[in-house]
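Structural overview
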Amino acid sequence: MSNQDKGTAVVTGASSGIGAIYADRLAGQGYDLVLVARRADRLEELAERLRFAYGIKVSVIGADLSDDGDLRRVEQAISTDDSVTLLVNNAGLGGAQVVATAEADVAERMIKVNVVALTRLTRAVLPGLLSRNRGAIVNIASVLAFDTSFGGIYSGTKAYVVNFTEALQREVAGTKVAVQVVLPGATRTEFWEVAGSDIANVPQEIVMTADDLVDAALVGLAKGEAFTAPALADVAGVDAFLGVRQGFFGSLLAGKPAARYTA
Ligand code: NAP
């Protein structure tokens, strides 16, 4: 049964993989849903199943988030819906392109979906969440935010998601709005095929199912985690990493160049 207290969750990229699992789990928790992706036929099929299984309301927005007009249409729909309590910015695409040979349009589409749409959709719902002082934004990044060996374009988009979300956490501090960044590693979805690679080439012991990934990320959200890395065995690693990074940042600030540049 739809639980009016839960409100409505907007899930982008719900037509497959991680987004489809989020839709299923959130429906199970009693959220009504707004599902967004290009393949509206798949969204309709999922919506029908979830309405039947959970008795919730589901609406579907077929939209290409790399298209300015479509993106604004989604922004308009979700910014004016006062029932929205959760946004899962999950839609994304990857690829191991290197700059010299990447198709410029493919690179631009990746940046538009992974970065621009995530930013604009966050901007669309945040004022409403803050004014109602409740709800959450979940941004799906990637462990490749911290590794550039598969090319800088995808990694760069996900590093943006991490930094953007971290700053957003600071922005909502002191309110009842939660912000979480999720860092999937290799996850078995269509993502790999879409990116032109094969998950069979990845050591299978590091491949997670989308079900495990989403279930862990939702436990992290319920625990109030700001930074959820489902494969990270020791959560102290998050603070250790952030501490080292903060220390490095401090060491980059001085009024004069270092001695090695002035000898
Ligand atoms: P997936 O199965 O390929 O799902 C990607 C989703 O994004 C699909 O629903 C797709 O829907 C949607 N999407 C892609 N381009 C879009 C566009 N232009 N407009 C609207 N929607 C678009 O891949 P996934 O693994 O579930 O990926 C979900 C998120 O996890 C992504 O942000 C990805 O970067 C991240 N991630 C995945 C892995 C992994 O190993 N799978 C690892 C780290 C991070 P349509 O095609 O119907 O539009």
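Quick note: structure is the one above.
Right, let's walk through the structure included here. What you see is a predicted model, and the numbers here were worked out from it, not measured in a lab.

Overview of the layout of surface pockets
Its volume calculated, the largest pocket comes out at about 1,200 Å³. Lining the largest pocket are 48 residues, and of these G92, L93, G94, Y154 and F191 lie nearest its centre. Only α1 (17-28), α4 (104-132), α5 (152-172) and α6 (191-194) provide two or more residues apiece to the lining of the largest pocket. Across the lining of the largest pocket, the residue classes break down as 23 nonpolar, 18 polar and 7 charged. Roughly 210 Å³ of internal volume is contained in the second largest pocket. What lines the second largest pocket is a set of 16 residues, and nearest its centre among them are G7, T8, D32, K57 and S83. Secondary structure elements with two or more residues in the lining of the second largest pocket: β2 (32-37), β3 (58-62) and β4 (84-89).

Examining the pairing of β2
For a regular strand, side-chain orientation follows a simple rule: the groups alternate between the two sheet faces. Across the 6 residues that make up β2, a large majority, 6, are buried. Residue alternation in β2 divides its side chains into two sets, D32, V34 and V36 and L33, L35 and A37, and both sets are buried. In this sheet, β2 lies alongside strand β1 (residues 8-12) in parallel orientation, the contact comprising 5 bridges. From the neighbouring strand, V11 faces β2, where its bridge partner is L35. One crossover worth recording links β1 to the parallel β2 by way of α1, and it is right-handed. Pairing between β2 and β3: 5 bridges, direction parallel. Within β3, the position partnered with V36 by the bridge is I61.

A look at the packing of α1 against helix α2 (residues 40-54)
Contact geometry of α1 with α2 gives a least axis separation of 10 Å together with a crossing angle of 20°. Relative to α2, the element α1 lies roughly parallel. Considering only the axes of α1 and α2, their crossing is right-handed. Together, A20, A23, D24, A27 and G28 of α1 and L46, R49, L50 and Y54 of α2 make up the contact between the two elements. Split by residue class, the contact of α1 with α2 holds 6 nonpolar, 1 polar and 2 charged.

What about the site of the ligand?
The full set close to the ligand counts 30 residues, and S15, S16, R38, Y154 and T189 are the nearest of them. Contact distances for the ligand include 2.8 Å between a nitrogen atom and a backbone N or O atom of L65. Within the backbone of G92, an N or O atom sits 3.4 Å from an oxygen atom of the ligand. Protein chains bury 96% of the 870 Å² of accessible surface belonging to the ligand in isolation. When atoms are counted within 2 Å of each cavity's grid points, the one that captures over half of the ligand is the largest pocket.

Things to note about the sheet that holds β3
Taken together, the 7 strands give an open sheet; going across it, the order is β3-β2-β1-β4-β5-β6-β9, and neighbouring strands pair in parallel fashion. Each edge of the open sheet is held by one strand with a lone partner, namely β3 and β9 (227-228). Where helix α7 (residues 210-222) meets the sheet, its contacts fall on β5 (135-140), β6 (177-182) and β9, and the angle it forms with β6 comes to roughly 145°.

Rules of the game
Residues numbered from 1 in each chain as written. Predicted model: local features only at pLDDT ≥ 70, side-chain atom pairs only at ≥ 80, totals over all residues. Heavy atoms only, no water. 1 Å grid on protein atoms, 1.4 Å probe; cavity = no way out; pocket = protein on both sides within 12 Å on 5 of 7 lines; lining within 4 Å. Points joined across faces, edges and corners; volume = space filled by probe spheres on them. Helix = DSSP H or I, 4+ residues; strand = E, 2+ residues; numbered from the N terminus. Nonpolar A, V, L, I, M, F, W, Y, C, P; charged D, E, K, R; others polar. Buried < 20%, exposed > 50% of the residue type's maximum accessible area, 1.4 Å probe, protein only. Pairing = 2+ DSSP bridges. Right-handed = clockwise from strand over helix to strand, strands pointing away. Axes fitted to C-alpha atoms, helices over the stretch in contact; angles between N-to-C directions. Parallel < 35°, antiparallel > 145°, perpendicular 65-115°, else oblique. Left-handed = near helix turned anticlockwise from the far one by under 90°. Contact = heavy atoms within 4.5 Å. Near = heavy atom within 4 Å. Polar contact = N/O pair within 3.5 Å; in protein donor to acceptor, adjacent residues only side chain to side chain. Areas by Shrake-Rupley, 256 points an atom, 1.4 Å probe, with all protein chains shown as cover. Sits in = over half its atoms within 2 Å of the grid points.

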